[in-house]
Amino acid sequence: MPHKRAAFGESHLMPQSTLLARARHWLGSLPAACVVALVSVSYAVSYAVMIFGGSGDALLQAGLPLMFVTSVLCLLVICFTSSLPFMLGGADSNSVGLLSLMVGGISATMQRAQLSAAEILATVTIAITLSSLLVGLALMALGALRRGNLVLFVPFPVVGGFLAGTGYLLWSGAFTVLTGHPLGLDVLRTGIDLHWQELLPVAIVVIGMLGLPGRKFDHPLALPVSLALASAAFYGALAASGLSLAQARALGWMFAPLSLGHVQLPVQVSWSLVHWDILWRHYGELLALIAVTTLAILLNATGVSLATRREVDFNRELRSAGLANMLSGCFGGVVGCHSLSRTLLNYRFGSRDRVATLLAAVLCLVCALFFIPLLGYFPKPVLAGLLIGLGGGLLNEWLVRSRRLARGDYFLIVLIVAVVACYGFVTGVALGVVVACVLFVLDYGRVSCVKMEFTGATLHSKLERGAAAHAELKQLGQRVFGMRLQGFLFFGSANQIVHRVREQLQSPRQFIIIDFRHVQGLDASTSQSFVKLAQVCEQYKVTLILTGIADPIRRPIARAAFSGTAPREFADLDLALEWVEDRLLKQAMRNESRDALHSSLAEHFDAREMASLMARMEKVELAAGTLLFRKGDAGDSMYFIDEGMVSISLPLEGGGRMRLRSFGSATIVGEMALYRGQRRTADVVTDRPTLAWQLTLASLRQLEQDDPATALRLHAYVVKVIASRLESTNEAYRLAY
């Protein structure tokens, strides 16, 4: 019984110790949670003012609580669904910049049309909701299809021009906040009247965000501290000037008092008040939001992975942010994503799980419920400083520091910014994409589509021939010119091929070989270039041969109308080379005779040595398709091919074979395994009826004992054959690389 009571007592102590450990862990995470909540609230307030503050107090009243919705939902959803438990999320500066442009554009358009405040609020609310839902759906789709890297194919200068253009528009918004007028030449000509009470907080925020010459403030708390200092400086300036809060609001320096009573959720919006035609005009910002948010997620997740040395599943992060944005959109929240700075701040405070994030979300919710009225005392010059700082960072990164880019890329960035300033955001980015495509085509056209050039003297087929035939092909090989193409072919690169062939036809040529094995694709216009190439070859009475053409590439070429002789086609380059070599030897009257082997050996052995060697070999007659030896067999003999042809091959799945090399008359096969004393590494099969002479290992050893001089001559002959093969292989690799 005492033992049972002890066990019972232990069972009650374990949960208590676990609860105490958990309590200590939660208390230990509280400092990190407080800092994360402070930074998240600061960003929520700042971004809310940036998005809604320039469009009137009514929009700010409605939009500010929704920023807290975004902060809380992004913290919770990304925390529970991310591949890293300490990952944090929230609104991002780039997406906020786009949203501020969209909200400001919608509000300005509707104000010029003298529409009611209720209609403006309803239209903006639906615009924010749709942007979050569409971005969420796009991110979920990209993550589910594992296509998150597609956004990385956007041309880099277009991304830079887009971000620099966003920086200019943010500066334009800051100008509007400070002066009440849109930025334009007419306003600049009439002059600007700004008070020092406005400029002082602007300067403090800008310094906090951009730093001083030679000194930057990169700490995550730099922004909250600069906001607090700027607000204190503003109120100090009011006190020094003897201005009251009412007078400051009358001058447009402060917002009207805020409260939660002005919150309008999407389900509360009257659809009759929404102006869908105005929403449609801003589809460009919606598309840009998808691209920018996806890019921000991938870049921020990469930064977190590198800084924390943790593996990140990028497609999972896209799905995580997609779910967060869809939930945020249902409650009217703005677009959010992963945050690099806030995540690293959380990590540096020791957070490795979700506890600090959960506590931070609760603290943000408490701030939203009880402290929003205090934000009515937020100075508008501080908002202008935020816009200038954010826009200045983008302009500095993409207009100043990007001067190290190539001249064409930097010109494109400047062009996009200029067009954005004059004609609008969508026009600038669209023109940038078009110009980037044109520049890419021009640059790609300068890249050679020719992977390798060769002649028949430098590149031979896999059919090994006798020494005399090999020497003949060396002399006749200049009649053959070939090119191995690569990459994607379009009209410009195809014209390079025609021009190069024209140059080569100034020398005596008989065969032109074009190999497509490494070609990934071609456009429709390229097929006409090959028609032109065929006409040029026909004009010079040269045979045009095409090899290695895949079906997707063959179709556009086949549709082309060849007016004269159509090009010959072979499955691969090796078969084409073998066919050409046969034609060259036939024209030179070098058909392999029945005594080709004896003639070849006679160049290395005298009559006595020849007789001694032949006496120790056995004549073998083989039908076509005979397996001479199999992979894995003992290497106990080699064969001298007198007539016919054999091929070294490897068996493939499905019953096919891959030819490695072929051997015709006056060649030897099987010597490597014999001399190395190892097993066969491939199959050897006769391609047609073949007459061969077999020299076994036992006969070779007997020859070495009985006739050392002949054996020595035989070894020297085999070394020359192997050296000749090695020379051909080296030449082929030299051409390829």
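Residues numbered from 1 in each chain as written. Predicted model: local features only at pLDDT ≥ 70, side-chain atom pairs only at ≥ 80, totals over all residues. Heavy atoms only, no water.

Along the backbone of the protein chain there are 27 helices and 16 strands. In the protein chain, buried positions account for 49% of the 737 residues. Element-wise, carbon and sulfur atoms account for 62% of the exposed surface of the protein chain, whose accessible area totals about 35200 Å². (Helix = DSSP H or I, 4+ residues; strand = E, 2+ residues; numbered from the N terminus. Buried < 20%, exposed > 50% of the residue type's maximum accessible area, 1.4 Å probe, protein only. Areas by Shrake-Rupley, 256 points an atom, 1.4 Å probe, with all protein chains shown as cover.)

By size, the foremost hydrophobic cluster in this structure holds 98 residues, and its most contacted members are Phe 52 and Met 67. Here the element with the most residues in this core is helix H1 (residues 2-52); it accounts for 13 residues. Apart from the residues lying within four places of it in its own chain, the contact partners of Met 67 are Ala 44, Tyr 47, Ala 48, Ile 51, Phe 52, Ala 91 and Val 334. (Core = buried A, V, L, I, M, F, W, Y, C linked by side-chain atoms within 4.5 Å. Contact = heavy atoms within 4.5 Å.)

Looking at the protein chain, pLDDT values average 81 and 88% of them are 70 or higher. Segment residues 1-14: pLDDT under 50, and 0 contacts once partners within four positions in sequence are set aside and those in other chains are kept. (pLDDT = per-residue confidence, 0-100.)

We now examine the side chain of Ser 649. Tracing the backbone through its elements, the reader meets Ser 649 in strand S12 (residues 646-651). Its relative accessible area of 5% is what places Ser 649 among the buried residues.

We note that Gln 114 has phi near 60°; this positive angle belongs to a residue other than glycine. Relative to the elements of secondary structure, Gln 114 occurs in the loop between helix H3 (93-112) and helix H4 (117-144). Given a relative accessible area of 73%, Gln 114 falls into the exposed group. Phi is positive for Lys 541, close to 55°, though the residue is something other than glycine. Mapping Lys 541 onto the fold places it in the loop between helix H20 (524-539) and strand S7 (543-547). Judged by relative accessible area, which is 74%, Lys 541 ranks as exposed.

A pair of packed helices is captured by two measures, namely the crossing angle of their axes and the spacing between those axes. At a minimum axis separation of 8 Å, helix H7 (residues 196-210) and helix H15 (residues 380-400) run at an interaxial angle of 35°. As H7 runs across H15, the sense of the crossing is right-handed. Where H7 abuts H15, its residues Glu 198, Pro 201, Val 202, Val 205, Val 206, Met 209 and Leu 210 lie against Pro 381, Val 382, Ala 384, Gly 385, Leu 386, Ile 388, Gly 389, Leu 390, Gly 392 and Gly 393. Residue composition of the contact of H7 with H15, grouped by class: 12 nonpolar, 4 polar and 1 charged. (Axes fitted to C-alpha atoms, helices over the stretch in contact; angles between N-to-C directions. Left-handed = near helix turned anticlockwise from the far one by under 90°. Nonpolar A, V, L, I, M, F, W, Y, C, P; charged D, E, K, R; others polar.)

Looking now at the side chain of Ser 320. Residue placement: Ser 320 occurs in helix H12 (residues 314-330). Accessibility expressed as a relative area gives 2% for Ser 320, which makes it buried. Among all residues touching Ser 320, those that are not within four sequence positions of it are Val 77, Ile 78, Thr 81, Ser 82 and His 338.

We now examine a nonpolar patch on the surface. Taken together, the side chains of Leu 130, Leu 134, Leu 137, Trp 271 and Trp 276 define a hydrophobic patch exposed on the protein surface, amounting to about 510 Å² of accessible area. At 3 residues, the largest contribution of residues to the nonpolar patch is made by H4. Turning to its location among the elements, Leu 130 is positioned in helix H4. (Patch = residues over 30% accessible without salt bridge, like charges linked within 9 Å, V, L, I, M, F, W, Y side chains within 5 Å. Salt bridge = Lys/Arg side-chain N within 4 Å of Asp/Glu carboxyl O.)

A word on the sheet that holds strand S14 (residues 667-669). Across the sheet, 4 strands lie side by side as S9-S16-S11-S14; this open sheet has antiparallel pairing. Bordering the open sheet on either side are strand S9 (618-622) and S14, each of which pairs with just one other strand. The mean angle between the axes of side-by-side strands here comes to 30°, regardless of whether they run parallel or antiparallel. Relative to strand S16 (residues 690-696), strand S11 (residues 637-643) runs antiparallel, the two sharing 6 bridges. (Pairing = 2+ DSSP bridges.)

This next bit is on the sheet that holds strand S5 (residues 480-489). What the 5 strands build is an open sheet, ordered S3-S5-S6-S7-S8; its pairing is mixed. In this open sheet, the two edge strands, each paired with only one partner strand, are strand S3 (450-455) and strand S8 (568-570). The mean inter-strand angle of the sheet, taken between neighbouring strand axes irrespective of direction, is 20°. Of the pairings in the sheet, the one linking strand S6 (residues 511-522) to S7 comprises 5 bridges and is parallel in character. Paired with Phe 511 across the strands is Thr 543, a residue of S7. Relative to the sheet, H20 contacts S5, S6 and S7, its axis offset from that of S6 by approximately 175°. Where helix H22 (residues 573-587) meets the sheet, its contacts fall on S3, S5, S6, S7 and S8, and the angle it forms with S6 comes to roughly 175°.

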